[in-house]
Each structure stands twice: as structure tokens, then as C-alpha cells.
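Observations on the three-dimensional arrangement
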Amino acid sequence: MSVVNFKNIDDICLIEINNPPVNAISAEVRKGLLKVVIELEKNKKIKAVIICAPNRTFLAGADIREFGKNVDGPILSDICNRLERLDKIVIASLHGTPLGGGLEVAMACHYRIATPNTKVGLPEVLLGIIPGAGGTQRLPRLAGITVGLEMMLTGKHVPAKEAKNNGIIDEIIDNDDTVSNGLEVAKRLISNNSRPLATCLRNEKFVNTEETKISIEKIKQKFALKHKNLFSPHAIIQSLEDGLNLTFENAVQNERKLFADCIKSHQREGLIHAFFSERAVNKIPELKLGKPKTIKKIGVIGGGTMGTGISMAALNSGFSVVMIEQDQNGLDKAFEKIVGTYDRNINLGRMSNNDKDSILNNFKGDTDLNTLSDRDLIIEAVFEEMEVKKDVFKKLNSICSNETILATNTSYLNVNEIAEVVSSPDRVLGLHFFSPANIMKLLEIVVAEKTSNHTVATAFSLAKNLKKIPVRSGVCDGFIGNRILSKYLVAIYHMVEDGASIYDIDRVIREFGCAMGPFQVIDLAGGDIGWATRKRKAPYRDSNDRYVEIPDRICERGWFGQKTGKGYYLYGKNVPFLTPNPEIEKICEEERNRAGIKPKKFTDEEILNKYISSLVLEGIKILEEKISIRPSDIDVVYINGYGFPRWRGGPMNYADKIGLKNILKHIETYEKEDPRFWKCPELLKKLVANNTLFRDLN
Ligand code: 3H9
């Protein structure tokens, strides 16, 4: 069976596309589609054409694996234009997720029908490209310039009802059979002698007026900050703006040129790497061997920031949650925080009072751990102290059945040690959520020595239900994310003690594309957190390791960042954003003097090289120790948990891009200055010697 099949039923031609899993428009699909279109151009009997894809979804877009490769085959844009020019009524019968090129094919058809659950969108911007098959010209003609631009600049998936209201879909049919829907509508349109107007000819919503200019300007301003480092959003706006002054044919050609520029860009490569990496996280050995258990009832121990965030994440996905706190006061505070978050969402129009009530119906707070005896899964989020955690797990061991999965939300502690206190450690694992846990997508799934395949499979299935991106990590201090974070923070403090300015470091890392500089992050999270970790580790610290005391001096003054109004920056009602704390530089100078260091100047390039090299250095060690299965998992952690620019594809992908040879050269140079900290991993030397990349290990 070919990927594109067609049959004529009387005067109707039914085209069915079948390219699993998501009917991506590969070269084969384009060839098949063009062949049918050429047949139809010659056929005088056929009056209507239906395009559908009766498996999982209508075409979900171009086959993005082909981007950047030399692939033969007709251009989708040309096929769309020929389809639109056919002298028959062309109907797209949609279901699933007609996205990108899929929606572009549909918009080139003369009439669009959809099942109620269909979601449409042009998500190209998320991949660093622009719609390249007429999307920037046809969408605004159907939905208007403002709606069209918003859709293209956010990449959001629009539900059928909304798509119908704004003119993208003509009819919603409450029947999942897209073939019979298509046939019914085709027969009706033929018998009514209707001939819907081709999209390219609809100009009423696509006019170049003063009002249009103002609307576009408003949208540019709205997205300016979000898109400041990106290339493709500006190309989308340009394509649309240019189109207002060009004929449709020329506008589509212009769009192709802009599309080609995007395809060549590093941003496209980085974003597509991120897309596939986020799907690769699920390819782990345990999922082949383990069978997920059904989880309905969740227990959360601890009502602090993490406990409330995890509870909301679970509640939002329909789980029943029991939260345990030490006393009623703790429970009241936690409940207040949860209700406050939902109330804010109601005020922002993101949910209704009814939604809030039904979510909170699934929530119960208690001070008695025994209440957790009926839970399928319990997540502990108590104080980050080994003995405290062990005590909780010992109690859970006697309260819950051997079937209950027990998870710790520790960020650093040894999950193997925690598991030892439980009679069946196969059901113990780490579920490391990131704060705020109801928002952040990343979930590190920490597999301990004795964690069973079933437990791991259950955790991955839970992550899917929570709409999180799970990444498998082995056990080590800080797992994947925090271990790398600890390393690069030390590298950064070394730089500061050597003479670099804290504010230059933050600026350079922001300019690189990170959401925030590391010192901003410390101020946001609270300097006391890192301080507590440093104190915990102090007894085990090797006296030969270089230790910079600057952050301790700052914490000793009670300056923990935003929550104390002072940290590396100053905070307050009338204090402008990113106002440096004027006393910090003095503390740095004193510490440099105390350590006998003669400060030197750092260029932006030196700062960036050291930052990236330290990230990659620890990433490689994590691979060598098999804490992470593949480099792309590290990328996913850094993009989704630590604000690393998605368009750079993550630190390991970025290292590939700038060349592992260069990373090796930097690390070997730094190793001469500080051989303990910068000891060069064998894996890096091997990769460079073999001329291979991290990508080859994925
Ligand atoms: C475009 O169309 C440009 C146009 O303007 C044309 C210009 C000429 N290609 O996500 P899932 C794979 S740009 C290749 O787990 P779900 C995916 O890797 C494109 N492969 O399923 C995975 O493979 P594996 C615009 C693709 O149900 C499998 O399909 N379109 C593509 O959670 C299942 O995917 C988009 O950006 C693709 N386009 O979600 C849509 N899409 O099993 C991107 C998916 O080996 N796709 N795969 O890991 C999506 O958003 C989601 O995949 C979708 C399904 C919502 C469709």
C-alpha cells in the first residue's frame, strides 16, 4: 500500500494518506499527492475531491527529519497551489492535529470540515522556521491578521470550535469517521452547486490599511521580549507584511525564500534537536521490560513550596491528593497557597470557579501519616536532610502495602540510602520536580540500584499524565541537573575570585540566551539554599579543592536575595530591576585579598567559554558514569529545568556545534591552572580523537 491512495466514487475522488505515526508530509507523501493532483487536473468527470488521513491524525506537518538534508521530491508549496487551482471542490476532512504543512494543505483546499476534537495550528515558530507552504498568506486571509499572527507567533494548537469561530474551519461534524464526513459534505456541495471561494482569493480580512499597520505594530511589541533572540518570528511577521503589498503568487515565493533562510539557521537545528530529544527521553531500557501500574491516588508529604507545587500538578491532572503536614497550621498555610494559586488563575481567566471547586474536591489535608495507607504513590517533599527522609520512609514502610510506590523529591540526597530503610526497595525511586512544580515541565526520574522496571515504567506513565517531560537519571549527588549546576557555579565563583564581575557574568549569560544569569537565579531561589548545601558538604570537602568563600560572606550577612530584599542585587518597590548591591564588589575585593589573588580582567568570551566548558565537563562525566543514558537527555534537562536557550539545543548540542575540539582545548588550558577541578574526561579525548560528536552517542 502506498502512502497516498485514491479512489473515485462516482464523481468524487477520495484521497487517503497513510504515513504513520503522524502522517508527516515526507517526500513520498508529496510525490504521491502531486501524482494524484496531476491526474485530477486532467480528469473532467470528477466534481469534488476529499483529502483525509484516516489513522491517528490528519497530516501533522512536514517531515521534520528531512530538514537540512538533500531530499528529492516536489515542494509542498507548489502542491498546495495546484490543489487550490483545481476546478473541483476540494475538501479537507480533518481530525487529530492538522499542524504546520498539514494545516497548510487544508487551507489550500476549498472547504474544511473537522471532528470536534481536532486541533489546528502552525507551530513552525517552535522549530525555528516559518510556515513555508502558503501558511503566512492563507491563515490571515481566513482568520484575520491579528488571530493569524498570534497563532503563528505562539504556535498554539487551536481547538476546532475556536478555529470555526475564526474562519479556519467551515464545519464541525460530530462523527469520527472522516471518510463518511467527507463524502456527505462533498455530495451536498455538489448537489447545491456550491463552489466555496479559494483561500487565496479571500482578501476581505487581508487588507493593507492604517489599522492593519497599528495591529501589526501592537503584536510586534507584545512579542518583542519573548522573541528577542529568535530569528523565525521576525521572518513570519515580515512574510505577512510583505504579502500585503504583493500578489498572492509573489507573496508565496517570498515566503519560500524566508523559509529557506530559516532552514539554514542554527536556531532551526537547535530547536529541532530539542523536539526530537524530548521524544527520545522515553526510549529507556526499563520501559521495554516494565509494566506501568495504574496510579489514581497520590500522597504528598510536606506542604512547603515543593509539596504544594507537586500537589497542584497532580490535582490539575485529575489525581486524588492527600497532603500531610506536621500540624494544622502547616496545612492551613499550604491550603492557602494552593487556593491562592487557583484564585489567581481565575482572575486571569485561565479557569472557572467550578474548575477550582472540582479540583479541590480531590484534595484532602491531614496531619496523620496513616491517612496515606490507601495511596498508590507517595511523594515525600520534607526537609532536605537524610535522617528526616529516612524516618519518613521507615514510617511509610509500616503504613503502606508493598505495592505502594514511594518516591522522594530530594534534589541531592542518595536515593539508594533512602531505599534501604524500606522492606521492598524495588518500589522506591526519586521524583525530582522543579519549582514551581505545578508549572515546570521537567521531572527527573531517579532510578536507584534496586528500583524495579515496573516502578520506573509507572513513573514515566505518571509523568505523561502530569504532562511533564521525564528524564531518567541514575543516583549521584544532584542527579543530572543539580550536579551540573553545582559544577558550573563553582567555576563561576572561581572566575569571580579571579577578578570577573558578577554583573558581567550575568549579562554575558543572558546575552547568550539564558533566561537569567546565575546570580539572578541564586537571588530568586534564595542564597540560603546553596549555603545549606555547602555546609552539608563541608565535612567531606577535600582540602585540596579550591573553595571560594564569597557566597558564604554574603549569606552570613543575611542577604539571601529577593526574599530578604538584598542579595547580589537589590529589591524593593522603587528599586529598578537588576540594581547591583553596591556592597558586593567590596566583599569580592576583600575575599580576593584574603585569598592572595591578584584580580585579572575577563573578556565576555572568556566568561562564556568557562561557563560552557564547566557545564559540558560535568555533562561528560555524567555520561561516563552512565548517570544519563544519552547526551540529549542532558540537553532536555538544561532546556526545561535551567533556562538554557532552547534554540541552542542544550549544552551538549551546543558543544557539538562549536566543536568538541574547542571544548577540549579550553578544558586542557584550564586544567593547567587547576588540575583538580578541570580534570579532562577520557570520553572527551576519545570523541575528539575519533572525530565524533555527542550527537553520535544519542
Ligand atoms: C512544517 O510543517 C513546515 C511547513 O510549513 C511545510 C513547509 C514546506 N516529522 O509527539 P509524539 C514523530 S514543520 C517527523 O510522541 P503525540 C515523533 O518524533 C512541522 N516526525 O506523539 C514521534 O516519533 P517516535 C509542523 C514527527 O501524539 C512520533 O511522531 N508540525 C513529526 O504526543 C509521535 O510523536 C509540527 O511541528 C514530524 N512533523 O503528539 C508538529 N511529528 O515515536 C510536530 C511527530 O519515533 N509534532 N513526529 O519518538 C507534534 O507536535 C506532535 O508529535 C503531535 C503528536 C501533536 C503531532
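Residues numbered from 1 in each chain as written. Predicted model: local features only at pLDDT ≥ 70, side-chain atom pairs only at ≥ 80, totals over all residues. Heavy atoms only, no water.

This part takes up the sheet that holds strand 16 (residues 469-473). Strand pairs in the sheet, formed through backbone hydrogen bonds, run parallel or antiparallel to each other. The 8 strands lie next to each other as 11-10-9-12-13-14-15-16, forming an open sheet whose pairing is mixed. In this open sheet, the two strands that pair with only one neighbour each are strand 11 (363-366) and strand 16. Across the sheet, the axes of successive neighbouring strands diverge by a mean angle of 25 degrees, strand direction being ignored. Examined bridge by bridge, strand 13 (residues 405-408) and strand 14 (residues 428-433) share 3 bridges and lie parallel to one another. By the bridge assignment for strand 14, L406 is matched with V428. Along the sheet, helix 26 (residues 631-641) makes contact with strand 15 (442-446) and strand 16, crossing strand 16 at roughly 130 degrees. (Pairing = 2+ DSSP bridges. Helix = DSSP H or I, 4+ residues; strand = E, 2+ residues; numbered from the N terminus. Axes fitted to C-alpha atoms, helices over the stretch in contact; angles between N-to-C directions. Contact = heavy atoms within 4.5 Å.)

Another aspect to go through is the packing of helix 19 (residues 481-498) against helix 26. If you want to describe how two helices pack, look at the angle between their axes and the distance between the axes. At a minimum axis distance of 10 Å, the contact between helix 19 and helix 26 shows a crossing angle of 75 degrees. Taken together, helix 19 and helix 26 sit at an angle that is classed as roughly perpendicular. Contact residues: G481, I484, L485 and Y488 in helix 19; I634, V637 and Y638 in helix 26. Among the residues forming the contact of helix 19 with helix 26, the class breakdown is 6 nonpolar, 1 polar and no charged. (Parallel < 35°, antiparallel > 145°, perpendicular 65-115°, else oblique. Nonpolar A, V, L, I, M, F, W, Y, C, P; charged D, E, K, R; others polar.)

A grouping of M516, V521 and L524 is seen on the molecular surface, where their side chains present a nonpolar patch of about 230 Å² in accessible area. Tracing the chain through its elements places M516 in the loop between helix 20 (502-512) and helix 21 (518-525). What makes M516 partly exposed here is its relative accessible area of 32%. (Patch = residues over 30% accessible without salt bridge, like charges linked within 9 Å, V, L, I, M, F, W, Y side chains within 5 Å. Areas by Shrake-Rupley, 256 points an atom, 1.4 Å probe, with all protein chains shown as cover. Salt bridge = Lys/Arg side-chain N within 4 Å of Asp/Glu carboxyl O. Buried < 20%, exposed > 50% of the residue type's maximum accessible area, 1.4 Å probe, protein only.)

Structurally, R375 can be placed in the loop between strand 11 and strand 12 (377-380). Only 3.1 Å separates the side chain of R375 from the backbone oxygen of I298, close enough to count as a polar contact. In this structure R375 touches K297, I298, G299, S320, V321, V322 and T404, once residues within four positions along its chain are discounted. (Polar contact = N/O pair within 3.5 Å; in protein donor to acceptor, adjacent residues only side chain to side chain.)

With that settled, consider the packing of helix 25 (residues 604-624) against helix 29 (residues 682-689). Packing of helix 25 against helix 29 leaves a shortest axis separation of 8 Å and a crossing angle of 95 degrees. With respect to their mutual orientation, helix 25 and helix 29 come out roughly perpendicular. Where helix 25 approaches helix 29, its residues I620, L623 and E624 are matched on the opposing element by E682, L683 and L684. Each residue belonging to the contact of helix 25 with helix 29 can be placed in one class, and the counts come to 4 nonpolar, no polar and 2 charged.

Attention now goes to the pairing of strand 14. Of all 6 residues in strand 14, 6 are buried, a share of seventy percent or more. Judged by which residues are buried, strand 14 turns out to be covered on both faces: V428, G430 and H432 on one side and L429, L431 and F433 on the other are all buried. Across 4 bridges, strand 14 lies against strand 15 in antiparallel orientation. Each bridged residue has a counterpart across the sheet, and for L431 the counterpart in strand 15 is I445.

For any pair of aromatic rings, geometry is given as the distance between the ring centres together with the angle between the planes. A full pass over the atoms with the stated rule returns 16 aromatic pairs. An angle of 80 degrees between the planes, with centres 6.5 Å apart, marks the rings of F512 and Y611 as edge-to-face. Here the residue F512 occupies a position in helix 20, and Y611 occupies one in helix 25, the gap between them amounting to 99 residues. The exposure class assigned to Y611 is buried, which follows from its relative accessible area of 3%. Their ring planes at 80 degrees and their centres at 4.9 Å tell us that F512 and Y654 sit as a pair that is edge-to-face. Highlighted residues: F512 in helix 20 and Y654 in helix 27 (residues 651-658), separated in sequence by 142 residues. Pair check on accessibility: F512 and Y654 agree, each one buried. Put simply, the rings of F434, Y488, F512, Y611, Y638, Y642, F644 and Y654 touch in pairs and so form one group of aromatic residues. The ring of F677 carries K487 above its face, with NZ or CZ at 3.8 Å from the centroid. (Phe/Tyr/Trp six-rings, centres within 6.5 Å; stacked < 30°, edge-to-face > 60°. Lys NZ or Arg CZ within 6 Å of the ring centre and 35° of its normal.)

Attention now moves to the site of the ligand. Near the ligand, the surroundings consist of 27 residues, among which R56, A62, E104, E124 and R279 are the closest. The backbone of A62 places a nitrogen or oxygen atom 2.8 Å from an oxygen atom of the ligand. One nitrogen or oxygen atom from the side chain of R279 is found 2.6 Å from an oxygen atom belonging to the ligand. Summarising the interface, the protein chains cover 76% of the accessible area of the ligand, which totals 1000 Å² for the free molecule. For the shell around the ligand, the elements supplying multiple residues, two or more each, are helix 3 (101-108), helix 10 (248-264) and helix 11 (266-280). Among the elements that take part in the shell around the ligand, helix 11 stands out by supplying 3 residues, more than any other. Classifying every residue of the shell around the ligand gives 14 nonpolar, 5 polar and 8 charged. (Near = heavy atom within 4 Å.)

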